[in-house]
Amino acid sequence: MNFPVKVVFVCLGNICRSPTAEAVFQDMAHKRGVADKFEIDSAGVGNWHVGDRPDYRQAHAAEQRGYRLDSFARQIKKSDFDHYDLILSMDQSVHDSLIGMAKTETHRAKIKLFREFDPDSKGEKEVPDPYYGGPEGFGEVISIVERGCRNLLEQILVGEI
Ligand code: 4NP
């Protein structure tokens, strides 16, 4: 993949899972001194939260683990499929929506399930949606996202993807 690699993380509302992935990936790339090799963003499939800050429960859990979530929610748009190199879906329904929006095989090939990069996924394909669950769900999102982002970053840097 040619640098800078453009990556967009996509969930449903763009206020919990994908802003977390954006912040964690950015932090890891920065700490490894390779932030300038990436353009990182996040988006949602839905439009309910456009313009909103991340969910305070997710933001609080992230802050306790050393990450600042400071994005504003936006909805994924058609031009994103041209602009980004990797479009990472946080769950199967998001994945299906993105595949449905993709107009070409080139676009479709950019869409991957993020959880497939989690080496500890035990076959699970999704980052569970924490929005309607208990407080522990937000911490779990961070743990999954940390494992997935570490592996994703490594795979990109060694040229495996
Ligand atoms: P996210 O979580 O997709 O990780 O941002 C959700 C946020 C909002 C809603 C669902 C999931 N919602 O239904 O409003």
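Residues numbered from 1 in each chain as written. Predicted model: local features only at pLDDT ≥ 70, side-chain atom pairs only at ≥ 80, totals over all residues. Heavy atoms only, no water.

## Considering the sheet that holds strand β2 (residues 38-44)
Reasoning step 1: Across the sheet, 4 strands lie side by side as β2-β1-β3-β4; this open sheet has parallel pairing. In this open sheet, the two strands that pair with only one neighbour each are β2 and β4 (111-113). In this sheet, adjacent strand axes meet at a mean angle of 25° when their direction is disregarded.
Reasoning step 2: Note: strand β3 (residues 86-89) against β4, 3 bridges, orientation parallel. Counterpart to isoleucine 87 in the pairing with β4 is isoleucine 111.
Reasoning step 3: Across the face of the sheet, helix α4 (residues 92-101) comes into contact with β1 (5-11), β3 and β4 while running at roughly 170° to β4. (Pairing = 2+ DSSP bridges. Helix = DSSP H or I, 4+ residues; strand = E, 2+ residues; numbered from the N terminus. Axes fitted to C-alpha atoms, helices over the stretch in contact; angles between N-to-C directions. Contact = heavy atoms within 4.5 Å.)

## Here's the deal with unusual backbone geometry
Reasoning step 1: Cis geometry marks the peptide bond from phenylalanine 3 to proline 4; its omega dihedral reads -5°.
Reasoning step 2: Here lysine 122, not a glycine, exhibits a phi torsion of approximately 50°, which is positive.
Reasoning step 3: Within the secondary structure, lysine 122 is located in the loop between β4 and α6 (136-157).
Reasoning step 4: Residue classification places lysine 122 among the exposed positions, given a relative accessible area of 72%. (Buried < 20%, exposed > 50% of the residue type's maximum accessible area, 1.4 Å probe, protein only.)

## Regarding the pairing of β2
Reasoning step 1: Of all 7 residues in β2, 6 are buried; the element is thus mostly enclosed.
Reasoning step 2: Each parallel crossover has a hand, and the one from β1 via helix α1 (residues 17-31) to β2 is right-handed. (Right-handed = clockwise from strand over helix to strand, strands pointing away.)

## With respect to the environment of arginine 74
Reasoning step 1: Assignment of secondary structure puts arginine 74 in the loop between α2 (56-64) and α3 (80-83).
Reasoning step 2: In this structure arginine 74 touches Val8, Asn14, Asp41, Ser42, Ala43, Gly44, Val50, Asp80 and Tyr84, once residues within four positions along its chain are discounted.
Reasoning step 3: In terms of polar contacts, arginine 74 uses its side chain to reach the side chain of aspartate 80, at 2.9 Å. (Polar contact = N/O pair within 3.5 Å; in protein donor to acceptor, adjacent residues only side chain to side chain.)

## Side note on the nonpolar core
Reasoning step 1: Core analysis: the biggest nonpolar cluster contains 36 residues, and Phe9, Phe25 and Phe38 have the highest contact counts within it.
Reasoning step 2: At the level of secondary structure, the elements contributing two or more residues to this core comprise β1, α1, β2, α2, β3 and α6.
Reasoning step 3: In terms of residues, this core owes the most to one element, α6, which gives 9 residues.
Reasoning step 4: Aside from chain neighbours lying at most four places away, what touches phenylalanine 38 is Phe3, Pro4, Val5, Phe25, Ala29, Leu153, Ile156 and Leu157.
Reasoning step 5: The next biggest cluster of nonpolar side chains, apart from the first, holds 12 residues, and it includes Val10, Val94, Leu98 and Ala102. (Core = buried A, V, L, I, M, F, W, Y, C linked by side-chain atoms within 4.5 Å.)

## Some remarks on the site of the ligand
Reasoning step 1: Every residue lining the ligand is accounted for by Cys11, Leu12, Gly13, Asn14, Ile15, Cys16, Arg17, His49, Asp129, Tyr131 and Tyr132.
Reasoning step 2: The contact in question runs from an oxygen atom of the ligand to an N or O atom on the backbone of asparagine 14, over 3.2 Å.
Reasoning step 3: Tyrosine 132 is positioned with one of its side-chain polar atoms (N or O) 3.5 Å from an oxygen atom of the ligand.
Reasoning step 4: Burial of the ligand by the protein amounts to 92% of the accessible area it has alone, namely 350 Å².
Reasoning step 5: In terms of residue class, the shell around the ligand is built from 6 nonpolar, 3 polar and 2 charged. (Near = heavy atom within 4 Å. Areas by Shrake-Rupley, 256 points an atom, 1.4 Å probe, with all protein chains shown as cover. Nonpolar A, V, L, I, M, F, W, Y, C, P; charged D, E, K, R; others polar.)

## Concerning the packing of aromatic side chains
Reasoning step 1: If you walk through the whole model with that rule in mind, you get 5 aromatic pairs.
Reasoning step 2: Taken together through their ring pairs, the aromatic side chains of Phe3, Phe9, Phe25, Phe38 and Phe114 make up a single cluster.
Reasoning step 3: Lysine 37 extends its terminal NZ or CZ atom over the ring of phenylalanine 3, reaching a point 4.7 Å from the ring centre.
Reasoning step 4: If you follow arginine 57 out to its NZ or CZ, it ends over the ring of tyrosine 131, 5.3 Å from the centre. (Phe/Tyr/Trp six-rings, centres within 6.5 Å; stacked < 30°, edge-to-face > 60°. Lys NZ or Arg CZ within 6 Å of the ring centre and 35° of its normal.)

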